[in-house]
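If you want the building blocks of each chain, they are given just below.
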Amino acid sequence: MIEKFNGIFYLILFSIHFLGLGFYAYQMIIDNKRYREKFQIDETAATVMRMTGAIFLGSFLMALYIMFVRPNGVEATWAFFNLVFVQNFCVLIVNTYSIKIDKTGVMNDSNEAIIAPLVFTIISAILCYGLADKIYI
């Protein structure tokens, strides 16, 4: 498995990234009430939050498929990695705008909503770069 990821470093980054997305998917879908309370979000947002969590869940499940089922590992998965990078970057931009500029409905201006997507964006960029010889074939 390690050779499919160009070494242990990229395997660990891949694991950290997608475990993180899986964690957010769990919070937004299953542990929705506690997540809403943490950020002081009204219960009317539960459905939209679960929809967003479902997108994270889809990426998490695809990562599990690539890691454990797909015979070629990450080979020729450029579309997946690029989509994940673009999604992470968009979440970073939108959250930064929402929390720091617009502030509509922001009750808890925790920087977690900016730091987490920043970390995910950086990790996904490193993965795209470090796995380029495998994903872009």
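Above this text you will find the structure in question.
Residue numbers here run from 1 along each chain, matching the order of that chain's written sequence. Local features in this predicted model are restricted to residues whose pLDDT is 70 or higher, and side-chain atom pairs enter the listing and the counts only when it is 80 or higher, whereas totals over whole chains, interfaces and linings include all residues. To obtain the side-chain values, all non-hydrogen atoms of the structure were included, while hydrogens and water were left out.

## Description of the state of the cysteines
Point 1. Disulfide: a pair of cysteine sulfur atoms within 2.5 Å of each other. Per the stated rule, a full pass over the model turns up zero disulfides.
Point 2. Left unpaired, Cys90 is separated from the closest cysteine sulfur, that of Cys128, by 14 Å.
Point 3. Take Cys128: its relative accessible area is 10%, and that puts it in the buried class. Exposure categories follow from relative accessible area, calculated using a 1.4 Å probe and restricted to protein chains: below 20% of the type maximum is buried, above 50% is exposed, and the middle band is partly exposed.

## A few points about the packing of aromatic side chains
A ring pair, where both rings are aromatic, is described by two values, the distance of the centres and the angle of the planes.
Point 1. Only the six-membered ring of Trp is used, alongside the rings of Phe and Tyr, when aromatic pairs are assigned; centres must lie within 6.5 Å, and planes under 30 degrees apart are stacked while those over 60 apart are edge-to-face, with the rest tilted. Under the criterion given, the structure shown has eleven aromatic pairs.
Point 2. Pairing Tyr24 with Phe120 gives two aromatic rings, centres 6.0 Å apart and planes at 85 degrees, and the pair type is edge-to-face. Taken together, the positions of Tyr24 in helix α1 (residues 8–29) and Phe120 in helix α5 (residues 112–130) put the pair 96 residues apart, joining distant regions of the chain.
Point 3. Residue classification places Tyr24 among the buried positions, given a relative accessible area of 13%.
Point 4. What links up through ring pairs into an aromatic cluster is the set Phe5, Phe14, Phe18, Phe80 and Phe81. Helix and strand definitions here come from DSSP, where helices need a minimum of 4 consecutive H or I residues and strands a minimum of 2 consecutive E residues; each element is numbered from the N-terminal end.

## Re the packing of α1 against helix α3 (residues 46–69)
Point 1. Here the axes come from fitting lines to C-alpha atoms, over the contacting stretch only for helices, and the angles between their N-to-C directions go from 0 to 180 degrees. At a minimum axis distance of 8 Å, the contact between α1 and α3 shows a crossing angle of 150 degrees. Judged on the interaxial angle alone, α3 and α1 are roughly antiparallel. When you trace α1 past α3, the crossing you get is left-handed. Of the residues in α3, those touching α1 at Leu11, Phe14, Ser15, Phe18, Leu19, Leu21, Gly22, Tyr24, Ala25, Met28 and Ile29 are Met49, Arg50, Thr52, Gly53, Ala54, Phe56, Leu57, Ser59, Phe60, Ala63, Ile66 and Met67. Angles below 35 degrees are treated as roughly parallel, those above 145 as roughly antiparallel, those between 65 and 115 as roughly perpendicular, and all remaining angles as oblique. Left-handed is the label given to a crossing in which the near helix is rotated counterclockwise from the far helix by less than a right angle, and right-handed is the label when the rotation is clockwise. Contacts are residue-level and defined by heavy atoms, with any inter-residue pair within 4.5 Å sufficient.

## Comments concerning the side chain of Arg36
Point 1. Considering the arrangement of structural elements, one finds Arg36 in helix α2 (residues 32–38).
Point 2. Beyond its immediate chain neighbours, meaning those up to four positions away, Arg36 contacts Ile41, Asp42, Glu43, Ala46 and Met49.

## A word on unusual backbone geometry
Negative phi values dominate among residues other than glycine, just as trans dominates among peptide bonds.
Point 1. Non-glycine residue Asn6 carries a positive phi angle of around 60 degrees.
Point 2. Position of Asn6 among the secondary structure elements: in the segment before α1.
Point 3. For Gln40, which is not a glycine, the phi torsion comes out positive at approximately 55 degrees.
Point 4. With respect to the element layout, Gln40 can be found in the loop between α2 and α3.

## Focus: the packing of α3 against helix α4 (residues 78–102)
Point 1. Relative to each other, α3 and α4 sit at 150 degrees, their axes nearing to 12 Å. Relative to α4, the element α3 lies roughly antiparallel. Helix-helix and strand crossings are classified by hand; for α3 and α4 the assignment is left-handed. Every residue of α4 that contacts α3 at Ile55, Ser59, Met62, Ala63 and Ile66 is listed here: Phe80, Val84 and Gln87.
Point 2. Partitioning the contact of α3 with α4 into residue classes produces six nonpolar, two polar and no charged. Under the scheme applied, nonpolar residues are Ala, Val, Leu, Ile, Met, Phe, Trp, Tyr, Cys and Pro; charged residues are Asp, Glu, Lys and Arg; polar residues are all the others, including Gly.

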